[in-house]
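Per-entry structural report
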Amino acid sequence: MENLKTASIIDGKEVSARVRAELKAEIEYLKQKHGLTPGLAVVLVGENPASKVYVRNKTRACEETGIRSFQHTLPESLSEGELLTLIKELNASKEVHGILVQLPLPKQINEEKVLESISPQKDVDGFHPYNMGRLMIGSPLLQPCTPFGVMRLLESTGADLSGKEAVIIGRSNIVGKPMAMMLLRKNATVTICHSRTKDLPEKVRGADIVIAAMGRAQFVKGDWIKEGAIVIDVGINRAPDGKLVGDVDFEGASRKASFITPVPGGVGPMTIAMLLKNTVEAAKKLASI
Ligand code: NAD
């Protein structure tokens, strides 16, 4: 007989709307009680069309939540020195609590140098080695937004992660590695898989929690998924027919998983919500609230 059971959908739009509503109320309180308006500086260098869209969405989300946004749009020809001077000013500004430099940067600018020049207290992307290190030692300050958002989605399922087998596919600095540290903090047993991992299907078959962050359209098949597993799909890929798809075969995996995130509408909406959250947290810490 055909198995008609399907997984519950983890609705990222709904969870992110809840996070933003909580932040809106908190920002209102900070303004009223402490005269504090959290501020985010967004720095865009050059003409990358995708970056322009991301920056517009981030600025709009700030406005809707009550965060003051400061947009710095700079020419493609900007020198590294000029960008470092701007960041120095933003580091010193009393009105700016979060600094986000949209990547990628033009080739004449060293990304690592720029990210390291951001004050760790204002590093709302959580990419500074200081913040990565804090996460590594189990005492995070500001955490990378995408994996931080995944943790919030996992929390929304009510699942206890302690002692669970978690398999992460992808080892990037922005998703895979910080994700591993966050799951470890919740006492999961974590395996990080990557492009050189042998027998990936077998690794995934042992997982109670699967985090797919590889950037390969529908690579993870339904029959790799353990009965009752939670599947989080971070991937964003364009299918040959132009549709946005994740790294997981959603249909197949839905028949095995207990919970699953869709693409779009799963992890995507959480990233900006957690950026806003980081900005509010940074503002409170800088103001000693
Ligand atoms: P990346 O390219 O830096 O890293 C991909 C990782 O996947 C690498 O560690 C690589 O080893 C691994 N990988 C690639 N092919 C593999 C294979 N065949 N088997 C096993 N592992 C393999 O990517 P990233 O920046 O970490 O992003 C991953 C995906 O998540 C992309 O699709 C990206 O668009 C998406 N993403 C989404 C959000 C969001 O807000 N939803 C945020 C960041 C990234």
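Above this note sits the structure.
Below or above, wherever it landed, is the structure these notes cover. Bear in mind the structure is a predicted one, so any value in this text is a computation, not a measurement.

Quick look at the nonpolar core
Leu40, Val150, Leu154, Leu183, Ile211, Ile232 and Val234 are the most contacted members of the largest nonpolar core, which totals 50 residues. Considering every element that reaches this core, the biggest residue donor is helix α10 (residues 268-286), with eight residues. Residue-level mapping places this core at the junction of two domains, with at least three residues from each of domain 1 (35-119) and domain 2 (144-268). For leucine 40, the residues in contact, after removing those within four places along its chain, are Cys62, Ile67, Arg68, Ser69, Phe70, Gly98, Ile99, Leu100, Val124, Leu275 and Thr279. Residues Leu200, Ala207, Val220 and Ala257 belong to the second largest nonpolar core, which totals 18 residues.

With respect to the side chain of asparagine 237
On the secondary structure map, asparagine 237 appears in strand β9 (residues 237-238). Ignoring sequence-local partners within four residues, the contact set of asparagine 237 consists of Gly215, Arg216, Ala217, Lys243, Leu244, Val245, Gly246 and Asp247.

Details of the site of the ligand
Neighbouring the ligand are 22 residues, the closest being Arg171, Ser172, His194, Ser195 and Thr271. Interatomic distance of 3.4 Å between a side-chain N/O atom of arginine 216 and a nitrogen atom of the ligand. Isoleucine 236 is positioned with one of its backbone polar atoms (N or O) 3.1 Å from an oxygen atom of the ligand. In the complex, the protein chains occlude 74% of the 850 Å² of accessible area that the ligand would expose alone.

Considering the environment of arginine 18
Mapped onto the secondary structure, arginine 18 falls in helix α1 (residues 12-34). Residue arginine 18 is classed as partly exposed on the basis of its relative accessible area of 41%. In the structure, arginine 18 is positioned 174 residues away from isoleucine 192 in sequence and 30 Å away in space, judged by C-alpha atoms.

What counts and how
Residue numbers restart at each chain and count upward from 1, following the sequence in its written direction. Since the coordinates come from a predicted model, pLDDT governs what is reported: local features require at least 70, and pairs of side-chain atoms require 80 or more to be given and counted, while whole-chain, interface and lining totals use all residues. Side-chain measures were taken over the full set of non-hydrogen atoms in the model, leaving aside hydrogen atoms and water. Buried Ala, Val, Leu, Ile, Met, Phe, Trp, Tyr and Cys residues that are joined via side-chain atoms within 4.5 Å together make up what is termed a nonpolar core. Burial classes: relative accessible area under 20% of the type maximum marks a residue as buried, over 50% as exposed, and values in between as partly exposed (1.4 Å probe, protein chains only). Each helix is a run of H or I in the DSSP string that is no shorter than four residues. Each strand is a run of E no shorter than two, and both are numbered from the N terminus. Here the limits of each domain have been adopted from an automatic or database domain assignment. Throughout, a residue-residue contact means that at least one pair of heavy atoms, one from each residue, lies within 4.5 Å. For this description, a residue counts as near a given molecule or strand if any of its non-hydrogen atoms is within 4 Å of it. Under the rule applied, a polar contact is a pair of N or O atoms within 3.5 Å (in protein, one hydrogen donor and one hydrogen acceptor; residues adjacent in sequence only if both atoms are side-chain atoms). A 1.4 Å probe and the Shrake-Rupley method give the accessible areas. Residues count as covered only by the protein chains that appear here.

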